[in-house]
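So you can see what is in the structure, the chains are spelled out below.
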Amino acid sequence: IVSQGGDAHFSTNGVFPLSLGKKMLLTKGQLAYVRESFPDAVLLDGCIVSQGVVDAFTGAVQDCINFRSFLDPRNVLPDDLTEADRSMLLDKTNLAERSATKRKKKTAKAVVLGPFIISCAFMEDLQDRTRQIATQAGREAAAQLQRNSEQFTIV
């Protein structure tokens, strides 16, 4: 009965929180039935997720990169996942790295900034747009100073 409840929960949600296993008085060893019933399941820090969840997340990260955008993984992943679980899943994608300031992997196409995954191309677009705005504001300020200085004559 316990395994049927666990299987049903996992089949429906694509995730089996280890905290639910504790509530069902299961040890980690007894959770092996989930892995037996779903051999493609992935064990994370606080839960077991289906390969479908992993694939959907990987696809969302890839879309973020392809569309030069950003992603809030909390909108894509089940609520049962902890920050540590999301971090482990992200590591499995090999598409992003943790720090925007210390880019170790030059091949990383996205970085993690707070709870968000941001494509490097999106950040470059933001930098370019910010540079354009600053340049235009500088030109306008210089032109205004020029106009103001022309209004005054030195006697």
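Residues numbered from 1 in each chain as written. Predicted model: local features only at pLDDT ≥ 70, side-chain atom pairs only at ≥ 80, totals over all residues. Heavy atoms only, no water.

A. Just the side chain of S119, in detail. Residue position: S119 is located in strand β7 (residues 116–119). Excluding residues that lie within four positions of it along the chain, S119 makes contacts with C64, I65, R68, S69, K109 and A110. (Helix = DSSP H or I, 4+ residues; strand = E, 2+ residues; numbered from the N terminus. Contact = heavy atoms within 4.5 Å.)

B. Broad picture of the sheet that holds strand β1 (residues 15–17). The sheet built from three strands is open, its strands ordered β1-β3-β2 with antiparallel pairing. What marks the edges here is a single partner per strand, and that holds for β1 and β2 (42–43). Pairing of β1 with strand β3 (residues 47–49), which is carried by three bridges, proceeds in the antiparallel orientation. Counterpart to V15 in the pairing with β3 is V49. (Pairing = 2+ DSSP bridges.)

C. Seen up close, the pairing of β7. The pairing of strand β4 (residues 70–71) with β7 spans two bridges and is classified as antiparallel. Paired with F70 across the strands is I118, a residue of β7. Here strand β6 (residues 110–113) runs beside β7; their pairing, made up of four bridges, is antiparallel. Bridge assignment links V112 to a residue of β7, and that residue is I117. Hairpin connection of β6 to β7: two residues between the antiparallel strands, including G114 at a positive phi of 65 degrees.

D. Region of the structure containing the packing of helix α4 (residues 51–66) against helix α5 (residues 83–93). Two elements in contact, α4 and α5, have axes whose closest approach is 10 Å; the angle formed by their N-to-C orientations is 70 degrees. With respect to each other, α4 and α5 are oriented roughly perpendicular. For the pair α4 and α5, the sense of crossing is right-handed. Residues V54, F57, T58 and V61 of α4 lie in contact with α5, whose contacting residues are L89, L90 and T93. Classifying every residue of the contact of α4 with α5 gives five nonpolar, two polar and no charged. (Axes fitted to C-alpha atoms, helices over the stretch in contact; angles between N-to-C directions. Parallel < 35°, antiparallel > 145°, perpendicular 65-115°, else oblique. Left-handed = near helix turned anticlockwise from the far one by under 90°. Nonpolar A, V, L, I, M, F, W, Y, C, P; charged D, E, K, R; others polar.)

E. Spotlight on the pattern of salt bridges. One pass over the structure, following the stated rule, counts four salt bridges. Between D125 and R68 there is a salt bridge; the shortest N-O distance is 2.8 Å. Highlighted residues: D125 in helix α6 (residues 120–151) and R68 in the loop between α4 and β4, separated in sequence by 57 residues. We classify R68 as partly exposed; its relative accessible area is 40%. In this structure, the salt-bridge partner of R131 is D128, at a minimum N-O distance of 3.0 Å. Of this pair, R131 and D128 are both found in helix α6, three residues apart, which corresponds to roughly one turn of the helix. The class for D128 is partly exposed, based on a relative accessible area of 38%. (Salt bridge = Lys/Arg side-chain N within 4 Å of Asp/Glu carboxyl O. Buried < 20%, exposed > 50% of the residue type's maximum accessible area, 1.4 Å probe, protein only.)

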